[in-house]
Amino acid sequence: MKKTSLIFTALLAVTLGLTGCKKDPEIVSFVGKTMGTTYHIKYIDDGDLSLDKEKAHAQIEMVLKDVNAKMSTYDQNSELSRFNQFTEINQPVEISSDLAKVIGEAIRLNKVTEGALDVTVGPVVNLWGFGPEKRPERKPTAEQLAERQAWVGIDKLKLSQNAGKFFLEKTVSQLYVDLSSIAKGFGVDLVAESIEKIGAKNYMVEIGGEIRAKGKNTEGKDWQIAIEKPSFDGARSVEEVIGLKDLAMATSGNYRIYFEENGKRFAHEIDPKTGQPIQHHLASITVLHPSTMTADGLSTGLFVLGEDKALEIAEKEQLPVFLIIKTDNGFETKMSSEFSALFNQ
């Protein structure tokens, strides 16, 4: 399940003054490709960082390659792909601590979202043509869906720990785990931690629309991040701009990735309970959280639930969320109490 992209803005003019003998603060920017998408990274070098920008960039690339090598479903040799190809049931397979952390959070968020975030829904996502498998020429039959649905369910996946090692096992041989709804967020968190380790206190990291920001931009303001206005005609515009500080932000929507058959639109977000593309009026949802991994997973799960249930859970869990809802007269917005409190500070 791929995510919608976000438009983001970060003001780049350096206005910080000299402090003692330090050099002028410098904005460092990196752009590249990872996990089937792109990344954009900015941080302020105030002269006290432990690595120059070339070495910092190389370190970030190593972090991202490692995440991809562990969690990609497109790389048949990744750690996750090897588990997906393993057909023995009730047989624990040792996995890395990183993979265990992401899967553990996915299992927890499955409960928070009342089953809407389910990383085992991959076989159905693939059947609809939104994964590594080639898109079918027509929508799946009821028989095909029933077969794949029998392979889906977080209860068919077991994560355990023993003597400091982590293990994963499946109860059906066809179980397939797809972490595309949460792995990019985890990658953002690791990159952010990497930047902090070299001493950067002000930065913004974005991978495929998942964002984490800390400190201030070069104008001394919170990082200015735009929430995209949904559009079904390919146009790009901004719905809202917020100042993001010491928080992560993730957005999910159904207006970019879809296919049409006989005049009906089939969006890429699949309801794990029905195996069908979602059919509600929520166009996009943005979630704020200290962890990008958590914001990433929550945005997917809450989006699947639709506007009413998503807002209900957001209030219950005290989550800052911003919703854009399609109506007969265009789009309207709603926000949770926590988002409103942050936005109106």
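This structure is a prediction, so every number in the text was calculated from the model and none was measured.

The rules behind each value
Residues numbered from 1 in each chain as written. Predicted model: local features only at pLDDT ≥ 70, side-chain atom pairs only at ≥ 80, totals over all residues. Heavy atoms only, no water. Helix = DSSP H or I, 4+ residues; strand = E, 2+ residues; numbered from the N terminus. Buried < 20%, exposed > 50% of the residue type's maximum accessible area, 1.4 Å probe, protein only. Contact = heavy atoms within 4.5 Å. Areas by Shrake-Rupley, 256 points an atom, 1.4 Å probe, with all protein chains shown as cover. Phe/Tyr/Trp six-rings, centres within 6.5 Å; stacked < 30°, edge-to-face > 60°. Lys NZ or Arg CZ within 6 Å of the ring centre and 35° of its normal. Core = buried A, V, L, I, M, F, W, Y, C linked by side-chain atoms within 4.5 Å. Pairing = 2+ DSSP bridges. Axes fitted to C-alpha atoms, helices over the stretch in contact; angles between N-to-C directions. Expected span 1.5 Å × (residues − 1). Polar contact = N/O pair within 3.5 Å; in protein donor to acceptor, adjacent residues only side chain to side chain. Parallel < 35°, antiparallel > 145°, perpendicular 65-115°, else oblique. Left-handed = near helix turned anticlockwise from the far one by under 90°. Nonpolar A, V, L, I, M, F, W, Y, C, P; charged D, E, K, R; others polar. Arc of directions from axis to C-beta. UniProt positions renumbered as here; feature names shortened; annotations may be inferred.

Our next topic: the overall build of the protein chain. Looking only at helices and strands, the protein chain features nine helices and 15 strands. By residue count, 52% of the 345 residues in the protein chain fall in the buried class. Contacts in the protein chain between residues far apart in sequence, at least 24 positions, make up 63% of those at least 6 positions apart. Counting every atom, the protein chain has about 15,500 Å² of accessible surface; 48% of that belongs to carbon and sulfur.

We now examine the packing of aromatic side chains. Applying the stated rule across the entire model yields two aromatic pairs. A ring pair is formed by Phe-322 and Phe-339, whose centres lie 5.4 Å apart and whose planes are at 35°; its orientation type is tilted. Separated by 17 residues along the polypeptide, Phe-322 in strand 14 (residues 321-327) and Phe-339 in helix 9 (residues 337-343) bring together distant segments of the chain. An identical accessibility class is assigned to Phe-322 and Phe-339; each is buried. Directly above the aromatic system of Phe-83 lies the positively charged group of Lys-170, at a separation of 4.6 Å from the ring centroid.

By size, the foremost hydrophobic cluster in this structure holds 63 residues, and its most contacted members are Ile-41, Tyr-43, Leu-179, Ile-195, Ile-285 and Leu-302. Residues in contact with Tyr-43, not counting those within four places in the same chain, are Glu-26, Ile-27, Val-28, Phe-30, Leu-49, Lys-53, Ala-56, Ile-195, Ile-198, Ala-200, Asn-202 and Tyr-203. With 16 residues, the next largest nonpolar core counts Ile-27, Ile-44, Met-204 and Ile-211 among its residues.

Moving on, we come to the sheet that holds strand 3 (residues 93-95). The three strands are arranged 3-5-4 in an open sheet whose pairing can be described as antiparallel. Lying at the two open borders of the sheet, with one neighbouring strand each, are strand 3 and strand 4 (157-162). Looking at each pair of strands side by side, their axes are set apart by 35° on average, direction ignored. Pairing of strand 4 with strand 5 (residues 165-170) involves six bridges; the strand directions are antiparallel. Across the sheet, the residue bridging to Lys-158 is Glu-169, located in strand 5.

Within strand 14, five of the seven residues are buried, which leaves it mostly tucked inside the rest of the structure. When strand 13 (residues 282-289) meets strand 14, the two strands line up antiparallel, connected through five bridges. Paired with Val-287 across the bridge in strand 14 is Val-321. The turn joining strand 14 and strand 15 (residues 330-335), which pair antiparallel and follow one another in sequence, is formed by two residues.

A few words on the environment of Glu-269. Looking at the secondary structure, you find Glu-269 in the loop between strand 12 (264-267) and strand 13. What makes Glu-269 buried here is its relative accessible area of 0%. Separated by 144 residues in the primary sequence, Glu-269 and Val-125 have C-alpha atoms spaced 8.0 Å apart.

A few words now on helix 7 (residues 292-305). With 14 residues, helix 7 should reach 20 Å at 1.5 Å per residue; the first-to-last C-alpha distance of 20 Å fits that figure. Most of helix 7 is tucked away: 13 of the 14 residues are buried. Its side-chain oxygen 3.3 Å from the backbone nitrogen of Met-293, Ser-291 forms the N-cap of helix 7. Gly-306 sits one or two residues past helix 7 and shows a positive phi near 90°.

Attention shifts here to the sheet that holds strand 6 (residues 203-207). With respect to topology, eight strands assemble into an open sheet ordered 1-2-6-7-10-13-14-15, the strand pairing being antiparallel. The open sheet is flanked by strand 1 (26-34) and strand 15, the only strands paired with a single partner. Strand-to-strand twist in this sheet, taken as the mean axis angle between neighbours without regard to direction, amounts to 15°. Judged from the six bridges that link them, strand 10 (residues 247-253) and strand 13 form a sheet pairing that is antiparallel. Bridge assignment links Met-249 to a residue of strand 13, and that residue is Leu-288. Helix-sheet contacts for helix 7 involve strand 7 (210-214), strand 10, strand 13 and strand 14, and the interaxial angle to strand 13 is about 155°.

Looking now at the packing of helix 6 (residues 183-197) against helix 7. Remark: helix 6 packs on helix 7, axes separated minimally by 7 Å, with the N-to-C direction vectors making an angle of 165°. Taken together, the axes of helix 6 and helix 7 are roughly antiparallel relative to one another. In this structure, the crossing between helix 6 and helix 7 has a hand that is right-handed. Contacts between helix 6 and helix 7 pair Ala-183, Lys-184, Gly-185, Phe-186, Val-188 and Asp-189 from the former with Thr-292, Met-293 and Asp-296 from the latter. In terms of residue class, the contact of helix 6 with helix 7 is made up of four nonpolar, two polar and three charged.

Now for helix 5 (residues 142-149). Within the sequence span of helix 5, burial applies to Leu-145, Arg-148 and Gln-149. In an axial view of helix 5, the angular spread of the buried residues amounts to 100°, which keeps them on one side of the axis. The secondary structure elements touched by the buried residues of helix 5 are helix 4 (122-127).

The UniProt entry lists Ser-181, Asp-296 and Thr-300 under the feature "binding site: Mg(2+)" (unreviewed entry), expressed in the numbering used here. The greatest C-alpha distance among the annotated residues, which extend across 120 residues, is 6.7 Å, indicating that they converge on a single site. Position of Ser-181 among the secondary structure elements: in the loop between strand 5 and helix 6. A residue is classified by how much of its surface remains accessible, and Ser-181, at 0% relative accessible area, is buried. By the secondary structure assignment, Asp-296 is in helix 7.

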